[in-house]
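Residues per chain, in single letters:
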Protein chains: 2
Amino acid sequence: MKTGEISAAVIRRLPRYYRYLGELLNRGVVRISSKELSDRMGVTASQIRQDLNNFGGFGQQGYGYNVEYLYSEIGKILGLDQKNMMIIVGAGRLGQAIANYSDFEKRGFLIRALFDIDPEVVGTSVHGIPVFHMSEMEKFVKDNQIYIAAIAIPKEAAPTVANELVKMGVKAIWNFAPTDLALPREVAQENVHLTESLMRLSYKLKAKEEE
Amino acid sequence: MKTGEISAAVIRRLPRYYRYLGELLNRGVVRISSKELSDRMGVTASQIRQDLNNFGGFGQQGYGYNVEYLYSEIGKILGLDQKNMMIIVGAGRLGQAIANYSDFEKRGFLIRALFDIDPEVVGTSVHGIPVFHMSEMEKFVKDNQIYIAAIAIPKEAAPTVANELVKMGVKAIWNFAPTDLALPREVAQENVHLTESLMRLSYKLKAKEEE
DNA sequence: GTCTTTTTGTCTTGAATTTAACAAGCCATT
DNA sequence: AATGGCTTGTTAAATTCAAGACAAAAAGAC
């Protein structure tokens, strides 16, 4: 299970496999073939097999894949077999929405605190998670070994805050601000650019209309 | 400017070009070359030129691209030159967060109503946008020519609601529920799967740690 | 226990995407 | 107005990615 030179396209698909396998597991399905999975997911069986074989052989000829085992293995690949402590910077509506989304917790992502500068929200709590003032962030990050931070603040402040977070020891940034962050290469980054997503939808709408 | 057989990879990048050009425009930059843009954006100049040439020649040899013109043209390609009426189904934290995000409005996406079944929120308003009961959705969609709907409800209800929306006349679905929707091919669809995004971040974090 | 069917892992082929290269054309300067 | 320097649009090469094919291996039937 060597990582490193796995293509981005494969990584993009892995969580979806994981989700489907989780559903199968809940339904009590014990085994599944790449063919059957490919029919459900609308991809080719070949692609599934090739994607998985980037990380090792998880199946057996004549049998297919054991759902529980494969689910667990993909979970390990994605780092879901360990607890990940997180914070959310920005306790506006978006930050609060993220804090409320209990799916993350189920996958081992534990949101430990939110941070904001607005006195209206500092001192309150969301979904049982405390909202602190940003001035307390550095101490919190260091004391609690926080490696993942979600950024849900206006785009003007995002680059500065992101760099500060990295200096504090954060290793992964989940960026919701509509801007690109110039982070050191050793820091993981994943953007959620909602406006761009909506624009793509708009394009698709237009393209379908023109048919 | 023919659309139709443009690859998904190109569409994925277009909104980002649009965002950068918007920033340049705000800063008063009049012209830019593909080389300069590529340096800022971390892609190759060749890719920028080829992406744009899918839609037509917007530049001039020896000069580059006029920022305002190119910005406007990409906007047209993405369908941002017209107003798009939207609704949000689900007025929980996520639905409310989307409703509050005024960037969409700036791009011509006008959120006209939210819908929910929770009596706690029905009758209230978010960011000046009314929250109605789901039972009023059909009439509203038809009366107001709503073509785009965001779905921010639990995954169990999402597929049913999505299909109902399509029957009502909705042509594009922006899906925030962590499930895949089986929609007719003539309906545009764009998923925002936050849990999958977070898993990808987790993978990247793990991969960087292992270096 | 043997034979057939199933299904993986991998190899090969083909397609799509990205990068590189370059002629043609425009700008700017003298 | 002619020349040199840029920069595009486009063609060609290289790379990456996806699909197809198939031998090897296990399961299941008889």
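Residues numbered from 1 in each chain as written. Chains lettered and ligands numbered in written order. Predicted model: local features only at pLDDT ≥ 70, side-chain atom pairs only at ≥ 80, totals over all residues. Heavy atoms only, no water.

*Asks:* Sorry, what's going on with the packing of aromatic side chains here?
*Replies:* The relative placement of two aromatic rings is captured by the distance of their centres and the angle of their planes. Applying the stated criterion across every chain, the model contains 16 aromatic pairs over all chains. Their ring planes at 75° and their centres at 5.0 Å tell us that Tyr101(B) and Phe104(B) sit as a pair that is edge-to-face. What makes Tyr101(B) partly exposed here is its relative accessible area of 25%. Judged by centre distance (5.5 Å) and plane angle (80°), the rings of Phe104(B) and Trp174(B) are edge-to-face. With Phe104(B) in helix 6 (residues 103–106) and Trp174(B) in strand 9 (residues 172–175), the pair connects residues that are 70 residues apart, well separated along the chain. The buried category is assigned to Trp174(B), whose relative accessible area is 0%. What links up through ring pairs into an aromatic cluster is the set Tyr101(A), Phe104(A), Trp174(A) and Phe176(A). Seen from the ring of Tyr63(B), Arg31(B) lies directly overhead, with NZ or CZ sitting 4.5 Å from the centre. (Phe/Tyr/Trp six-rings, centres within 6.5 Å; stacked < 30°, edge-to-face > 60°. Buried < 20%, exposed > 50% of the residue type's maximum accessible area, 1.4 Å probe, protein only. Helix = DSSP H or I, 4+ residues; strand = E, 2+ residues; numbered from the N terminus. Lys NZ or Arg CZ within 6 Å of the ring centre and 35° of its normal.)

*Asks:* Help me understand the packing of helix 5 (residues 93–100) of chain A against helix 5 (residues 93–100) of chain B, please; the structure alone is not making it clear to me.
*Replies:* Packed helix pairs are specified by the crossing angle of their axes together with the interaxial distance, meaning the distance between the axes. The geometry of helix 5 of chain A relative to helix 5 of chain B is characterised by a closest axis approach of 8 Å and an angle of 160° between their N-to-C directions. The orientation of helix 5 of chain A with respect to helix 5 of chain B, classified from their angle, is roughly antiparallel. For helix 5 of chain A against helix 5 of chain B, the interelement crossing comes out left-handed. From helix 5 of chain A, Arg93(A), Leu94(A), Gln96(A), Ala97(A) and Asn100(A) reach across to helix 5 of chain B, where they touch Arg93(B), Leu94(B), Gln96(B), Ala97(B) and Asn100(B). Across the contact of helix 5 of chain A with helix 5 of chain B, the residue classes tally to four nonpolar, four polar and two charged. (Axes fitted to C-alpha atoms, helices over the stretch in contact; angles between N-to-C directions. Parallel < 35°, antiparallel > 145°, perpendicular 65-115°, else oblique. Left-handed = near helix turned anticlockwise from the far one by under 90°. Contact = heavy atoms within 4.5 Å. Nonpolar A, V, L, I, M, F, W, Y, C, P; charged D, E, K, R; others polar.)

*Asks:* What am I meant to see in the relation of the copies chain A and chain B here?
*Replies:* What connects the two chain copies is a rotation about an axis and a shift along it. Mapping chain A onto chain B leaves a residual RMSD of 0.1 Å; the transformation is a rotation of 180° accompanied by 0.0 Å of translation along its axis. Here the two chains are linked by the operation of a two-fold rotation axis. When you check the interface residues of chain A against chain B, 100% turn up at the interface there too, and the contact is symmetric in its surfaces. (Least-squares fit on C-alpha atoms with pLDDT ≥ 70 in both.)

*Asks:* In this structure, what is going on with the interface of chain A and chain B? I would like to understand it.
*Replies:* Frequently, the measure chosen for interface size is the accessible area removed from exposure when the parts meet. Counting residues at the interface gives 63 residues for chain A and 63 residues for chain B. Around 6,000 Å² of area is buried between chain A and chain B when both sides are counted, 60% of it from carbon and sulfur atoms. Where chain A touches chain B, the interface holds 10 salt bridges. We note a salt bridge from Arg19(A) to Asp180(B), for which the minimum N-O separation is 3.1 Å. (Buried area = accessible area lost by both parts, 1.4 Å probe. Salt bridge = Lys/Arg side-chain N within 4 Å of Asp/Glu carboxyl O.)

*Asks:* Sorry, what's going on with the protein's contact with DNA strand C here?
*Replies:* Near DNA strand C lie 26 residues; those nearest to it are Ser34(A), Arg49(A), Tyr65(A), Arg13(B) and Ser46(B). Take the atoms of DNA strand C that sit within 4 Å of the protein: sugar and phosphate atoms are 59% of them. (Near = heavy atom within 4 Å.)

*Asks:* Explain the pairing of strand 5 (residues 109–116) of chain B here, please?
*Replies:* Walk down a regular strand and you will see the side chains alternate between the two sheet faces. Residue and element names in this part refer to chain B. When you tally the buried positions in strand 5, you get seven out of eight residues, the bulk of the element. Across six bridges, the pairing between strand 4 (residues 84–89) and strand 5 is parallel. For Ile88, the partnering residue across the bridge sits in strand 5 and is Leu114. In this sheet, strand 7 (residues 129–133) lies alongside strand 5 in parallel orientation, the contact comprising three bridges. If you follow Phe115 over to strand 7, its bridge partner there is Phe132. (Pairing = 2+ DSSP bridges.)

*Asks:* I tried to follow the protein's contact with DNA strand D on my own but got confused; where do I start?
*Replies:* The local shell around DNA strand D holds 24 residues, among which Gln50(A), Ser34(B), Arg49(B), Gln50(B) and Tyr65(B) are the closest. The protein-proximal atoms of DNA strand D, defined as those within 4 Å of the protein, are 61% sugar or phosphate. Between Ser46(A) and DNA strand D, the recorded distance is 3.0 Å, taken from a side-chain N or O atom to a base nitrogen. Elements represented by at least two residues in the surface near DNA strand D include exactly helix 3 (45–53) of chain A together with helix 3 (45–53), strand 2 (59–60) and strand 3 (64–66) of chain B. (Polar contact = N/O pair within 3.5 Å; in protein donor to acceptor, adjacent residues only side chain to side chain.)

*Asks:* How should unusual backbone geometry be read in this particular structure?
*Replies:* The phi torsion of most residues other than glycine is negative, and most of the peptide bonds are trans. Unusually for a residue other than glycine, Gln145(A) sits at a positive phi of about 50°. Mapped onto the fold, Gln145(A) is located in the loop between helix 7 (137–143) and strand 8 (148–151). Unlike most non-glycine residues, His127(B) shows phi in positive territory, near 60°. Residue position: His127(B) is located in the loop between strand 6 (125–126) and strand 7.

*Asks:* Help me understand the side chain of Ser197(A) in this model?
*Replies:* Relative to the assigned elements, Ser197(A) resides in helix 9 (residues 194–209). Residue classification places Ser197(A) among the buried residues on the basis of a relative accessible area of 4%. Of the polar contacts made by the side chain of Ser197(A), one reaches the side chain of Trp174(B); its length is 2.9 Å. Once residues within four sequence positions are removed from consideration, Ser197(A) is found in contact with Trp174(B), Glu190(B) and Val192(B).

*Asks:* Explain helix 1 (residues 8–26) of chain A here, please?
*Replies:* For an α-helix, the turn length of 3.6 residues means that residues three or four places apart are oriented alike. Between its first and last C-alpha, helix 1 of chain A extends 28 Å over 19 residues, near the 27 Å set by a 1.5 Å rise per residue. Buried within helix 1 of chain A are the following residues: Val10(A), Ile11(A), Leu14(A), Pro15(A), Tyr17(A), Tyr18(A), Arg19(A), Tyr20(A), Leu21(A), Gly22(A) and Leu24(A). Of the surrounding elements, those touching the buried residues of helix 1 of chain A are strand 1 (31–32), helix 2 (34–41), helix 3 and helix 4 (67–77) of chain A together with helix 9 (194–209) of chain B. Directly after helix 1 of chain A, the chain includes Gly28(A), whose backbone phi takes a positive value near 85°. (Expected span 1.5 Å × (residues − 1).)

*Asks:* Before we go on, may I ask you to explain the sheet that holds strand 1 of chain A in this structure?
*Replies:* Sheets are built from strands paired through backbone hydrogen bonds, the pairs being either parallel or antiparallel. All names here are of chain A. Pairing in this open sheet of three strands is antiparallel, and the strands run 1-3-2 from one edge to the other. Bordering the open sheet on either side are strand 1 and strand 2 (59–60), each of which pairs with just one other strand. Pairing analysis gives two bridges linking strand 2 to strand 3 (residues 64–66), with the strands arranged antiparallel. Looking at strand 3, one finds that Gln60 is bridged to Gly64.

*Asks:* Would you take a moment to explain the pattern of salt bridges for this structure?
*Replies:* Pairing is possible between side chains of opposite charge, provided their charged atoms come close. According to the stated counting rule, one finds 27 salt bridges over all chains in the structure shown. In this structure, Lys106(A) and Asp103(A) form a salt bridge, with 3.1 Å as the shortest nitrogen-oxygen distance. Linking Lys106(A) with Asp103(A), this pair stays in helix 6 (residues 103–106), spanning three residues, or about one helical turn. When the shortest N-O distance is used, the salt bridge between Glu190(B) and Lys204(A) registers 2.7 Å. A residue pair is termed interchain when its members come from two chains, as with Glu190(B) in strand 10 (residues 188–191) and Lys204(A) in helix 9. Owing to a relative accessible area of 9%, Glu190(B) belongs among the buried residues under this scheme. For Lys204(A), a relative accessible area of 28% translates into the label partly exposed.

Spatial relationships are all this shows, so hold off on functional conclusions.
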